[in-house]
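Commentary on secondary and tertiary structure
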Amino acid sequence: MSTGASSSSAPPPAAASSSSGPNWAEIPRMGQPVAGFLPLKTPRTTPPDDESMFDVSMFVERQQSLGRSVGLCINLCGGKAKAAETYDTAEWDQWDVAYKAIACADEAVPAEEAVDAFVAAVGSLWSDPLKRKLYVAVHCATGFNVTGYMICRYLMRVGAVERAVAAFAAARAPGIYDGELLAALAAKSSATPTPTLDAPAPPAWHPAAAVKATAGKRKRAEAMPPPPPPPKPAAA
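Residues numbered from 1 in each chain as written. Predicted model: local features only at pLDDT ≥ 70, side-chain atom pairs only at ≥ 80, totals over all residues. Heavy atoms only, no water.

**Observations concerning the sheet that holds strand β1 (residues 37-40)**
Reading across the sheet, the four strands line up as β1-β4-β2-β3 and stay open at both edges, with parallel pairing between neighbours. Pairing within the sheet leaves two strands with one partner each, and these edge strands are β1 and β3 (98-101). This sheet shows a mean twist of 20° between the axes of neighbouring strands, independent of strand direction. Note: strand β2 (residues 70-75) against β3, four bridges, orientation parallel. Of the residues in β3, the one forming a bridge with Ile74 is Lys100. Against the sheet, helix α1 (residues 56-65) touches β1, β2 and β4 (135-139), its axis set at about 140° to β1. (Pairing = 2+ DSSP bridges. Helix = DSSP H or I, 4+ residues; strand = E, 2+ residues; numbered from the N terminus. Axes fitted to C-alpha atoms, helices over the stretch in contact; angles between N-to-C directions. Contact = heavy atoms within 4.5 Å.)

Below, the structure written as structure tokens:
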């Protein structure tokens, strides 16, 4: 039932984090539904520790417990975050969930060909009367920026970009926090003038948040007046 590349056996454990990317274990596992989509981070067959366990079975079982049936998973990973390096994508077959891989560069604006492939894959599922109520799971490495961009592009086919971005942010807070991706979404809007979309602060688990916090502390420290000189000793 799968389409796209998939691995035939479980991959070796992947590192918990990289020198430039966020710590996978600290990223929230999944968000809330948004117009039939379920955003999530890349699952892992072998997590760094038991507390951060998040594999395909955990995700699907969680959705089933909430009365949601998943019909398709779209994997947007590319570059350093290829899903084949973190989990066995054939696991989706075990749950009768179709699988589609659409490689997108890490934290970059997806190509129009990738957007077209995304829209076609979703449309193929939901055009079947028997599958219109099935959910579509979507993940990039973190389940935020690229995932949000693709979901918003789909929603923008019938609605305003501001509404799409807000809906995704409500389902997967804080939403898309990459300014370049938000600018690209605004540029695709048919509204005049072009909407301005402000990027929220990066999530606390993202390295950029720590850098921003450190810079803020340094700036406040520099703005503080110097301490007064110590009192002169009393004359003998």
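**So, the packing of aromatic side chains**
Applying the stated rule across the entire model yields nine aromatic pairs. Geometrically, the ring pair formed by Phe37 and Trp126 is tilted, given 5.3 Å between the ring centres and 55° between the ring planes. With Phe37 in strand β1 and Trp126 in helix α3 (residues 112-126), this pair connects stretches of sequence that are 89 residues apart. By the burial criterion, Phe37 is buried, and Trp126 matches it. Look at Phe144 and Trp205: their rings are 5.3 Å apart centre to centre, the planes differ by 50°, and that puts the pair in the tilted class. Taken together, the residues span a long stretch of sequence, with Phe144 in the loop between β4 and α4 (145-155) and Trp205 in the loop between α6 (179-187) and α7 (207-223) at a distance of 61 residues. Here the two residues Phe144 and Trp205 agree in accessibility, since each one is buried. An aromatic cluster is built from Phe37, Phe118, Trp126 and Tyr154, whose rings are joined through pairwise contacts. Across the ring face of Trp24, the terminal group of Lys41 is positioned such that the distance to the ring centre comes to 3.8 Å. The ring of Tyr154 has Arg157 lying over it, and the distance from NZ or CZ to the ring centre is 4.6 Å. (Phe/Tyr/Trp six-rings, centres within 6.5 Å; stacked < 30°, edge-to-face > 60°. Buried < 20%, exposed > 50% of the residue type's maximum accessible area, 1.4 Å probe, protein only. Lys NZ or Arg CZ within 6 Å of the ring centre and 35° of its normal.)

No statement about biological role is implied by the geometric values presented.
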